[in-house]
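Here are the chains, one letter per residue:
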Amino acid sequence: MISKYSFNNITWVDLQSPTPEEVSHLVEEFSLPKLMAEEFISETVRSKVDLYKDLIFLVLHFPVNRHLKNFKTEQEIDFVIGKNFLITIHYELINPLHEFSKKFEMDALLDKHNVGNHAGHLFYSVIKELYKNVITELDTINPDLKKIEHNIFEGREKETVKTISNLNRHLLSYRQSLRFHYETLKSFESVGKKFFDPEFAFYLESIISEYNKIKNILDNEKDVLTDLRETNDSLLSSKTNETMRVLTIMTFIIAPATLLASVFMMNTEFPLIRTFVEFYMILGGMFLTSIATFIFFKLKKWL
């Protein structure tokens with residue numbers, strides 16, 4: 001599906017789930033290299049940037065919002081940036097891009113746009129909106145971290161293990177999606193300074209700054225989650241050790257009584273047990289032995 005927007009002398013073409021016919025039409029209209037057109041049909045494994053004579057080809061991957069029921073963890077967007085046109089190609093609906101297109105169309109109708117004098121400024125606005133969506137999504141993780149902290153110190157360590165693992169998986173998928181952005185954006189900064197006017201260098205640096213902001217948030221949240229995991233594991237280990245200690249002590253307390261009972265259960269004649277009084281004396285001896293063992297543990301401060 002092709003959507004086309006124009007403002008002054010700048011054109012933005014957004015292509016979702018491209019078909020070969022749509023790609024051919026795009027190649028013909030904007031005189032794109034055929035080698036580039038082949039990459040539009042299928043997804044690219046990693047982010048990259050290529051400089052051609054009259055355009056820049058940029059591939060970036062963005063994380064999928066964790067609240068969406070989607071088996072994919074990242075979404076690819078291909079950017080073709082010319083002097084007066086921007087082409088975006090993606091393979092599924094990307095909400096921030098869709099929202100930006102509606103805003104762009106409305107601002108164009110109201111003549112409120114401030115997209116600069118070339119398509120690089122439009123690309124800057126698009127990439128900033130995409131990064132803004134990532135930051136907004138990362139902000140939703142903070143309440144989850146606070147909830148995990150609360151559950152840990154409320155004694156719900158076992159239930160918290162799964163929550164920590166799920167949240168760690170989301171953070172890992174975000175880091176995986178954005179792992180090539182810095183190198184790609186640095187390369188884009190280098191070619192962008194030559195391709196556009198020198199004043200555009202500020203916008204190129206601002207794009208990298210937006211990425212660094214996301215990276216810092218990810219690193220901080222990962223560090224906090226790691227600390228929470230270690231605290232939770234420590235408390236779980238402490239509880240397990242305490243349980244094992246109590247069970248071990250209980251075993252040692254009843255061991256003398258068990259031994260005594262085993263002796264009198266042997267299949268031999270014991271002249272000692274002939275009346276009920278003698279039977280209760282044996283029971284009393286077993287009880288006193290357990291009490292004596294308990295007192296011994298107390299004196300040794302093992303209890």
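So, here's what we can say about the structure. (Residues numbered from 1 in each chain as written. Predicted model: local features only at pLDDT ≥ 70, side-chain atom pairs only at ≥ 80, totals over all residues. Heavy atoms only, no water.)

## A closer look at the pattern of salt bridges
Here's step 1: Using the criterion set out here, one finds 6 salt bridges in the structure.
Here's step 2: Residue Arg175 is joined to Asp219 by a salt bridge in which the shortest nitrogen-to-oxygen separation is 3.2 Å. Here Arg175 is found in helix H6 (residues 157-177), whereas its partner Asp219 is found in helix H8 (residues 201-264), with 44 residues between them in sequence.
Here's step 3: According to the relative accessible area criterion, Arg175 is partly exposed, its value standing at 33%. (Salt bridge = Lys/Arg side-chain N within 4 Å of Asp/Glu carboxyl O. Helix = DSSP H or I, 4+ residues; strand = E, 2+ residues; numbered from the N terminus. Buried < 20%, exposed > 50% of the residue type's maximum accessible area, 1.4 Å probe, protein only.)

## Remarks on the packing of aromatic side chains
Here's step 1: Tallied over the entire structure, the rule returns 9 aromatic pairs.
Here's step 2: Between the aromatic rings of Phe62 and Tyr131, the centroid separation amounts to 5.9 Å while the plane-to-plane angle is 55 degrees, which identifies the pairing as tilted. Note that Phe62 is positioned in strand S4 (residues 56-63) and Tyr131 in helix H4 (residues 119-139), a separation of 69 residues in sequence. Taken as a pair, Phe62 and Tyr131 share a single burial class, namely buried.
Here's step 3: A centroid spacing of 5.0 Å and a plane angle of 75 degrees characterise the contact between Tyr124 and Tyr203, whose relative ring orientation is edge-to-face. With Tyr124 in helix H4 and Tyr203 in helix H8, this pair connects stretches of sequence that are 79 residues apart.
Here's step 4: By relative accessible area, which is 13% here, Tyr124 ends up buried.
Here's step 5: Chaining the aromatic ring pairs together yields one cluster made of Tyr124, Phe195, Phe196, Phe200, Phe202 and Tyr203.
Here's step 6: Between Lys83 and the ring centre of Phe195, over which it is positioned, the NZ or CZ distance is 4.5 Å. (Phe/Tyr/Trp six-rings, centres within 6.5 Å; stacked < 30°, edge-to-face > 60°. Lys NZ or Arg CZ within 6 Å of the ring centre and 35° of its normal.)

## As for the packing of H4 against helix H5 (residues 141-153)
Here's step 1: Taken N-terminus to C-terminus, the directions of H4 and H5 make an angle of 15 degrees; their axes are 4 Å apart at the nearest point. With respect to H5, the element H4 is oriented roughly parallel. Between H4 and H5, the contacting residues are Glu137, Leu138 and Asp139 on the first element and Ile141, Asn142 and Pro143 on the second.
Here's step 2: Residues of the contact of H4 with H5, tallied by class, amount to 3 nonpolar, 1 polar and 2 charged. (Axes fitted to C-alpha atoms, helices over the stretch in contact; angles between N-to-C directions. Parallel < 35°, antiparallel > 145°, perpendicular 65-115°, else oblique. Contact = heavy atoms within 4.5 Å. Nonpolar A, V, L, I, M, F, W, Y, C, P; charged D, E, K, R; others polar.)

## Let's talk about a nonpolar patch on the surface
Here's step 1: There is a patch of nonpolar side chains on the surface, built from Phe287, Leu288, Ile291, Phe294, Ile295 and Leu299 and spanning about 630 Å² of accessible area.
Here's step 2: Of note, Ile295 is situated in helix H9 (residues 276-299).
Here's step 3: Assessed through its relative accessible area of 45%, Ile295 is described here as partly exposed. (Patch = residues over 30% accessible without salt bridge, like charges linked within 9 Å, V, L, I, M, F, W, Y side chains within 5 Å. Areas by Shrake-Rupley, 256 points an atom, 1.4 Å probe, with all protein chains shown as cover.)

## A look at the sheet that holds strand S1 (residues 2-7)
Here's step 1: Taken in spatial order, the 6 strands of this open sheet run S1-S2-S6-S5-S4-S3, and their pairing is mixed. Across the chains shown, the open sheet's two edge strands, defined by having one partner strand only, are S1 and strand S3 (48-51). Mean inter-strand twist for the sheet, computed between neighbouring axes without regard to direction, equals 15 degrees.
Here's step 2: As paired strands, strand S2 (residues 10-16) and strand S6 (residues 85-90) are joined by 6 bridges and run parallel to one another. Looking at S6, one finds that Leu15 is bridged to Ile89.
Here's step 3: In this fold helix H2 (residues 34-41) packs onto S3, S4, strand S5 (74-81) and S6, with an angle of close to 155 degrees to the strand it touches most, S5. (Pairing = 2+ DSSP bridges.)

Read these as geometric descriptors, not functional statements.
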